Amino acid sequence: MNEIQDSVFILSLVLMAMVLSAFIFVALKSAHKEDYARVQPNAYRLRRILFGVIVVGGIFATIGTTRSLPYDVQHNRNAQQAAINVEGKQWYWGLSQDSVAKDTEVTFNVSSGDVNHGFGIYDSDLRLLAQTQAMPGYTNKLVHTFDRPGNYQLMCLEYCGLVHHGMIANFTVTETVTHSEL
Amino acid sequence: MNNLNLAPLPGSARTGILTYLSISAVVFLLMMLVGLTMRLAQAGWIGLPPDFFYQLMTAHGSGMVGISGLAASAVLWYFLRRYVELTVAVLWINLGLFLAGVVCVLGGIFVGGFGGAWTFLFPLPSTSMGVWGIWAAAFFMFGMLLIGTGFLIFYLDVARAILSKYGSIPRALGWPQLFANSDAPMPPATIVAATMVFVVNIMGIVAGAVVLAIMLINLFIPEFAVDALLTKNLIYFFGHVFINATIYQAVIAVYELLPEYTGRPWKVNKVFLAAWSASSLMVMAVYPHHLLMDFAMPTWAMVVGQILSYANGIPLVVVTAYGALTIVHKSGIRWDIASSLLFLSMFGWAAGVIPAIIDATVAVNNVMHNTMWVPGHFHFYLLVGLVAMLFGFMFYLVHKEEQGSSLVDRSAFWTYLVGSVGFAGMFLVSGMNSVPRRWAAHLPEWVTYSEIASVFAVLIVIGATAFALRFILRLPQARTV
Ligand code: HEM
Ligand SMILES: [Cu+2]
């Protein structure tokens, strides 16, 4: 299963390894002494290439990653819809509904009754699927479609005091429509 | 304009710098032990009540950020005074306010029980469900305010000294040379960096002071309404700028010392000037990447936050890190513990920002924000970058050339390096596996990461103990210039 997290980890590792090899290369060659006037022009030429590669890479990355943002999501008119109100409180989640049928497009209206919390949706493998902040005075809309039935967990992702780590709620995604949605 | 002042440091300034650094070495070590304690608790190897865990977390976060600021300001002061007239008394005033602030902060945490984290997001300090009282929060925040005041005075003195010599901020940043083709001599690297730092840090500290004042009033007069999103913006602006400015100050040691070790100049050219001016603006403008999961923020601010965060990495990688590589390449550099740490620090900074920048992508942040990925990237560039820079500078001050590179130095270096990379790496692995940050107790599925990380943390502590001891024992032979 290739989730965003894995790709991000591998990409980070590869780029960090590239930086590391540059440092190792230079460290290994450092004892050998050459005139700076000869080193510099080559280094500057290489730098222009590096700059170009980074800028072009950055532009592609920006275009590629900003086409779909988690904010103000357009609803998919063909999907079954559900709206669930979520209120974070020290130290539990108040949910207007704690199960949906799979493939339902759920809009979580997330807010807080006291301090900042973070509403994070975890699947049964403890993978974080999506999140938004739960803020006093604001309602953040998080749209998520569950494509697999099973047991999910809602965990707190913003430090909120003594039992922050205990702020976990269960959430069920069923194969078919359940009574709670009727 | 550029004649250097290489007269010996006045005695009280020398004592001041060495006091800053000795305190820093000891506090770094103590806070590392606190960090190790937290990781051991997450591994389940020791039992900590959650209120105490979160007190330790608050102490570790504010302590590490504060002491990084103090140590970095010593680097700045030490080199900057070669170019401009700094006020020695300010060095001591800052230290006095810092220590007074630390007493309040520690009192708030360990006497009052405050555990609202160093980011003290509104309204947690006043809303703990009775875990700590109003006074504990007040002491903590008042202490932070004192520390901030000391630093504000410090950077105002830096600003005064630079402006009285260079006339204006644009001149000290070299804008006439950059934009108007002026052929006046370029400002030295240290001046450019120090100018950038005082500009951003004065803004950052003022924002922090404003939000602390607002929250202190609200603590006692709850009718004084405060907006949670506004305070969050101010806090992250302050926090982001302040911790980043520590590295931009410490890197002055790299600019000043690698030329000494390689016999090659670190020449300021237009690219360098452009990079630092761009960094000044970007360091202030990228903080919305801390708010990407606050969907109530305007979308444009988030996208701009992402793009600027990407761009922010360019001057660092292409100019500063690359510059360090160029100057060392085939230079016949003299390797000792100081030059090794400084060289390592450039790797730590350049490599550590990579996972940070990737996390500033909205789509990534959606599944990485407030997971261990975040402490992963910042421990990488703080441990392997900032702290390595700072210890490198400390060794420069006390190391004698004829002492060469001893076995103890080399073992400490490698122990510290392996420990830091492994420790930060385990945070990154935890983040990839969605482990939330700031959890006093972990689910059984996550415990292995903390166990492995704890072993690496022990290595860091061993390496850092050796560094700190060696620095302090050699203080009598510290250089006087
Ligand atoms: C032996 C070295 C260190 C160890 C073992 C360590 C350990 C930790 C641990 C376990 C956490 C909490 C992670 C979580 O669950 O969220 C943490 C957070 C943190 N650490 Fe460290 N750390 C070390 C060094 C440093 C250094 C050198 C700095 C800064 C210069 C630093 C700055 C921070 C900050 C700012 C936080 C965030 C606190 C918060 O979330 O409120 N740490 N560290
Ligand atoms: Cu929480």
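Residues numbered from 1 in each chain as written. Chains lettered and ligands numbered in written order. Predicted model: local features only at pLDDT ≥ 70, side-chain atom pairs only at ≥ 80, totals over all residues. Heavy atoms only, no water.

Q: Got a sec to walk through the pattern of salt bridges? Specific residues and values, please.
A: On inspection of all chains with the given rule, the structure shows twelve salt bridges over all chains. The partner of glutamate 34 of chain A in a salt bridge is arginine 38 of chain A, and the shortest N-O contact between them spans 3.9 Å. A salt bridge links arginine 438 of chain B to glutamate 158 of chain A, with the nearest nitrogen and oxygen atoms 3.7 Å apart. Of this pair, arginine 438 of chain B sits in the loop between helix H14 (407-432) and helix H15 (447-473) while glutamate 158 of chain A sits in the loop between strand E8 (150-156) and strand E9 (168-174), on two different chains. Given a relative accessible area of 2%, glutamate 158 of chain A falls into the buried group. Members of the salt-bridge network, linked through shared partners, are Glu34 and Arg38 of chain A together with Lys330 of chain B. (Salt bridge = Lys/Arg side-chain N within 4 Å of Asp/Glu carboxyl O. Helix = DSSP H or I, 4+ residues; strand = E, 2+ residues; numbered from the N terminus. Buried < 20%, exposed > 50% of the residue type's maximum accessible area, 1.4 Å probe, protein only.)

Q: Tell me what's going on with the domain arrangement of chain A, and back it up with residues and numbers.
A: For chain A, the assigned domains are domain 1 (2-66) and domain 2 (77-181). Computed over C-alpha atoms, the centres of domain 1 of chain A and domain 2 of chain A are 40 Å apart. (Domains from an automatic or database assignment.)

Q: Residues and numbers for the site of ligand 1, please.
A: All names here are of chain B. Looking at ligand 1, there are 26 residues lining it, with Gln42, His60, His379, Arg437 and Arg438 nearest. Histidine 379 places a polar side-chain atom, nitrogen or oxygen, 2.8 Å from a nitrogen atom of ligand 1. Contacts to ligand 1 include arginine 437, whose side-chain N or O atom sits 2.9 Å from an oxygen atom. Looking at the shell around ligand 1, the elements that each hand over two or more residues are helix H1 (11-43), helix H2 (50-80), helix H13 (373-398), H14 and H15. (Near = heavy atom within 4 Å. Polar contact = N/O pair within 3.5 Å; in protein donor to acceptor, adjacent residues only side chain to side chain.)

Q: Could you give an account of the coordination of the copper ion (ligand 2), naming the residues involved and the relevant values?
A: Residues and elements named next belong to chain A. Every protein donor of the copper ion (ligand 2) is listed here as Cys156 (SG), Glu158 (O), Cys160 (SG) and His164 (ND1), and their distances to the metal cover 2.1 to 2.4 Å. If you look at the copper ion (ligand 2), its four donor atoms make angles of 90 to 129° with each other, and the shape they trace is tetrahedral. Sequence spacing of the donor residues for the copper ion (ligand 2), all on one chain, is C-x1-E-x1-C-x3-H. An identical accessibility class is assigned to cysteine 156 and cysteine 160; each is buried. (Donors = N, O, S within 2.8 Å, 3.2 Å for Na, K, Ca; no water. Tetrahedral: all angles 85-135°; square planar, octahedral: opposite > 155°, others 65-115°.)

Q: Please give an account of a nonpolar patch on the surface that cites residues and values.
A: All names here are of chain B. Judged by side-chain polarity, Ile134, Trp135, Phe139, Ile217, Phe220, Ile221 and Phe224 come together as a nonpolar surface patch covering roughly 670 Å² of accessible area. For the nonpolar patch, the secondary-structure elements that each account for two or more residues are helix H4 (134-166) and helix H7 (189-220). The greatest single-element share of the nonpolar patch, amounting to three residues, is contributed by H4. As for its placement among the helices and strands, phenylalanine 224 is situated in the loop between H7 and helix H8 (228-262). (Patch = residues over 30% accessible without salt bridge, like charges linked within 9 Å, V, L, I, M, F, W, Y side chains within 5 Å. Areas by Shrake-Rupley, 256 points an atom, 1.4 Å probe, with all protein chains shown as cover.)

Q: Go over unusual backbone geometry, please, and point to the residues and values.
A: Cis geometry marks the peptide bond from glutamine 90 of chain A to tryptophan 91 of chain A, where omega comes out at 0°. Positionally, tryptophan 91 of chain A belongs in the loop between strand E1 (81-89) and strand E2 (92-95). For the peptide bond that leads from phenylalanine 122 of chain B to proline 123 of chain B, omega is 0°, which places it in the cis range. Looking at the element boundaries, proline 123 of chain B is found in the loop between helix H3 (88-111) and H4. The backbone of asparagine 181 of chain B shows a phi angle near 55°, a positive value even though the residue is not glycine. Take asparagine 181 of chain B: its relative accessible area is 57%, and that puts it in the exposed class. Look at lysine 330 of chain B: it is not a glycine, yet its phi comes out positive at around 50°. Mapped onto the elements of the fold, lysine 330 of chain B is located in the loop between helix H10 (299-328) and helix H11 (337-359). Residue lysine 330 of chain B is classed as buried on the basis of its relative accessible area of 18%.

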